[in-house]
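Report on the structure
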Amino acid sequence: MTLWIHDTIRRKKVVFEPINPSHIRIYVCGPTVYDYAHVGNARPVVIFDVLVRLLRHLYPKVTYVRNITDVDDKINARSLETGEDIRQITERTARAFRDDMAELGACVPDVEPRATEHISQMIVMIETLIKKKHAYVADGHVLFSVPSMPDYGSLSHLHEREIVAGARVDTAPYKRDLADFVLWKPSEVGVPGWESPWGYGRPGWHIECSAMSLEYLGESFDIHGGGQDLIFPHHENEIAQSTCALGEGSFARYWMHNGYLMSEGEKMSKSLGNFYTANSLLREFPGESIRLLLLQTHYRKPLDFTRAGIVEARHILDKWYRLIDGSTESKVELPEAFFEALCDDLNTPQALAELHKLASIGEIAALSSGAKFLGLLGENPEKWFKWQPAGDPSNSKLNDDKVNELIAERDAARSVRDFKRSDKIRDILSEHKIVLEDSADKTTWRRT
């Protein structure tokens, strides 16, 4: 089956032609670990997780690299603001990111490099750029010379004036050109730094991904992914650094970018009360319901993320879990239309539509297999229906053991025809959003 993807550089859907069909290599920009990841950060994780699942279905071997940026001015600022040690901040938030993404059903990358563990590789690449006259040293900084690369801007398709305006550049006197960007900068006391040929300092953000992708995927690899907000300047600068250091034709062959995320119809903002972190939402909703919402919109389109949308997604999953409850696990071949949708530039909304069709005609095994391919329906149905929010105040009053006790008490009341008492217990459970389902031999329950 032919895989079509939208390549940002070519601005169109093209057939994916791997460098080596026996080994696909993909790099996706990961988080800057200074705080909990918001849902905008979670979207590319889920999207490219599905892409990697598809690539592994189509090809024998896939290496998936997603980095962690643990040296950055945002991290330094957070440390100064809170007084917390920088290493503690990055360790804590990196761990939270991994845990939260696991709750969203995202598979662990094959390699998850940290920027701080690849400083030597960055220094080597910067030295190469200086030797090739694509970078220069000025006032303790090393800067990439944008005019040295004639086709700079090929990814973002920006002109020089737009590049300078869009970069929000620092008009430092040591710059030869306003568009030049930092590869290395000095570190003051109390800020992380490393010894280098240009003095004690730290890398610029862009050089980190260039060095780490080279380390684990080689000079050329198949796909580079990330959010649309990274196209410029981050990904544009990655291309400049890598191709100028390694030579024409190197670096990523295809570029994929997911669209922007809105929240409750507006730009996500703490002041508007619509700023959602994955961590906070996972205290209120099952991870699969958030994942399903993220997959219901095509990855390249803007997504309006709402709490009502999560609730609706959970209702869909409730229906599907009821269908598969009690069914025996069996491997079936999924309909060709399901994979055709995914191979058409990762059209997850259409793939989900195919699953809805399977549900409507009672093809339970195929529904289960297709959903699991997308990272859904991975829970035991009984566990799914007994899930409750971590912060639910009813936890201490009506945990699973207490629910089972009340059901046993209700069974006893029914056995002596004390229906007044049994109805009262059902009402108590209903108040706590517990639904009972009576059968001939037992009573089961689920949370709503």
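Residues numbered from 1 in each chain as written. Predicted model: local features only at pLDDT ≥ 70, side-chain atom pairs only at ≥ 80, totals over all residues. Heavy atoms only, no water.

Another point: the sheet that holds strand S5 (residues 135-138). What the four strands build is an open sheet, ordered S5-S6-S7-S8; its pairing is antiparallel. Each edge of the open sheet is held by one strand with a lone partner, namely S5 and strand S8 (201-203). Direction aside, the axes of adjacent strands within the sheet are offset by 20° on average. Relative to strand S7 (residues 181-186), strand S6 (residues 141-144) runs antiparallel, the two sharing three bridges. Residue pairing for S7: Leu-143 is matched across the bridge by Val-182. Strands in contact with helix H4 (residues 119-131) are S5, S6, S7 and S8; relative to S7, the strand with the most contacts, it is inclined by about 120°. (Pairing = 2+ DSSP bridges. Helix = DSSP H or I, 4+ residues; strand = E, 2+ residues; numbered from the N terminus. Axes fitted to C-alpha atoms, helices over the stretch in contact; angles between N-to-C directions. Contact = heavy atoms within 4.5 Å.)

With that out of the way, let us pick up the pattern of salt bridges. Under the counting rule described, the total for this entry stands at 25 salt bridges. A salt bridge links Glu-81 to Arg-78, with the nearest nitrogen and oxygen atoms 3.6 Å apart. Taken together, the positions of Glu-81 and Arg-78, both in helix H2 (residues 73-82) and three residues apart, correspond to about one turn of that helix. With a relative accessible area of 19%, Arg-78 lands in the buried category. The closest approach of N and O atoms between Arg-300 and Asp-345, which form a salt bridge, is 2.8 Å. Linking Arg-300 in the loop between helix H9 (287-295) and strand S12 (303-305) with Asp-345 in the loop between helix H11 (336-343) and helix H12 (348-360), this pair joins segments that are 45 residues apart in sequence. (Salt bridge = Lys/Arg side-chain N within 4 Å of Asp/Glu carboxyl O. Buried < 20%, exposed > 50% of the residue type's maximum accessible area, 1.4 Å probe, protein only.)

In this structure the tally under the stated criterion is 13 aromatic pairs. Here the aromatic rings of Tyr-321 and Trp-384 are separated by 4.6 Å at their centres, their planes lie at 20°, and the arrangement is stacked. In this pair, Tyr-321 is assigned in helix H10 (residues 307-324) and Trp-384 in helix H14 (residues 381-385), connecting sequence segments 63 residues apart. What makes Tyr-321 buried here is its relative accessible area of 0%. When the centroid spacing of 5.2 Å and the interplanar angle of 85° are considered together, the rings of Phe-339 and Phe-373 count as edge-to-face. (Phe/Tyr/Trp six-rings, centres within 6.5 Å; stacked < 30°, edge-to-face > 60°.)

On their own, these measurements won't tell you what the molecule is for.
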